[in-house]
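What follows is the residue order along each chain.
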Amino acid sequence: MSSFTFDGERIEFEAGDSVAAALLRSGKKVLRTTRFKEEERSLFCGIGNCFDCILVVDGVTNQRSCMTRARDEMIVQSQRSEEHTSELQSRVDISYAVF
C-alpha cells in the first residue's frame, strides 16, 4: 500500500484518496491550529470552500488537504507555527471571527 508522512508518522492511503481522507481514516482528527488562539481545526466542508484543513504539503503552505490527492512519499505537516502562516491565513482567521 502507498503511504506519505504526516508530522513524521507514516500514513497509508488508497488510490484516489485525498490527504484529508487518508488522515481521517488513520484517526488523525486535528489537522492544524489557528494562528492567534491555537484552536484545533479539522476537515469542515470537504469540498475546498473553506480553509480549515490547510496543511503544509512538500514544503508548500496553505494546501487544502481535502483537495490534495495523496501521493506516495509526500511529506505533509500540520500548519501550526508562525513560519507556516501567510497573509491568506490571516484573512481566513479574521473572516471566521466576523461571522
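The sections below set out a description of the structure shown in this document. (Residues numbered from 1 in each chain as written. Predicted model: local features only at pLDDT ≥ 70, side-chain atom pairs only at ≥ 80, totals over all residues. Heavy atoms only, no water.)

1. Digging into the sheet that holds strand β7 (residues 75–78)
Reading across the sheet, the 5 strands line up as β2-β1-β7-β5-β6 and stay open at both edges, with mixed pairing between neighbours. At either end of the open sheet lies a strand with only one pairing partner, and these are β2 (9–13) and β6 (60–64). Neighbour-to-neighbour, the strand axes of this sheet turn through a mean angle of 40 degrees, independent of strand direction. Inspection of the sheet shows strand β1 (residues 2–6) paired to β7 by 2 bridges, in the parallel sense. Bridge pairing in β7 links T5 to I75. (Pairing = 2+ DSSP bridges. Helix = DSSP H or I, 4+ residues; strand = E, 2+ residues; numbered from the N terminus. Axes fitted to C-alpha atoms, helices over the stretch in contact; angles between N-to-C directions.)

2. Some words on the pairing of strand β5 (residues 54–57)
Burial of β5 is two-sided: the residues I54 and V56 facing one way and the residues L55 and V57 facing the other way are all buried. Note that β5 and β6 share 3 bridges and pair antiparallel. Directly across from I54, in β6, lies its bridge partner R64. Pairing of β5 with β7 involves 3 bridges; the strand directions are antiparallel. If you follow V56 over to β7, its bridge partner there is Q77. (Buried < 20%, exposed > 50% of the residue type's maximum accessible area, 1.4 Å probe, protein only.)

3. Some points on the pattern of salt bridges
When the charged atoms of two side chains with opposite charge come close together, those side chains can pair. In this structure the tally under the stated criterion is 7 salt bridges. Among the salt bridges present, the one from R10 reaches E73, with a minimum N-O distance of 3.8 Å. You can see R10 sitting in strand β2 and its partner E73 sitting in the loop between β6 and β7, a full 63 residues away along the chain. A residue is classified by how much of its surface remains accessible, and R10, at 45% relative accessible area, is partly exposed. The shortest N-O distance in the salt bridge between D17 and R25 comes to 2.6 Å. When its relative accessible area of 47% is taken as the criterion, R25 is described as partly exposed. In the salt-bridge network here, residues are joined through shared partners; they are R32, E39, R41 and D52. (Salt bridge = Lys/Arg side-chain N within 4 Å of Asp/Glu carboxyl O.)

4. Some points on the nonpolar core
Among the nonpolar cores identified, the biggest contains 16 residues, and F4, F6, V19, L23, L55 and V76 are the most heavily contacted of them. Of all the secondary structure elements, the ones that give two or more residues to this core are β1, β2, α1 (19–25) and β5. A total of 4 residues in this core trace back to one element, the largest contributor, which is α1. If we skip the residues at most four places from it in the chain, V19 touches F4, L55, S65, T68, R69, A70, M74 and V76. (Core = buried A, V, L, I, M, F, W, Y, C linked by side-chain atoms within 4.5 Å. Contact = heavy atoms within 4.5 Å.)

5. Focus: the environment of E9
By the element assignment, E9 lies in strand β2. You can call E9 partly exposed: its relative accessible area is 37%. Apart from the residues within four sequence positions on either side, E9 is in contact with F4 and K28.

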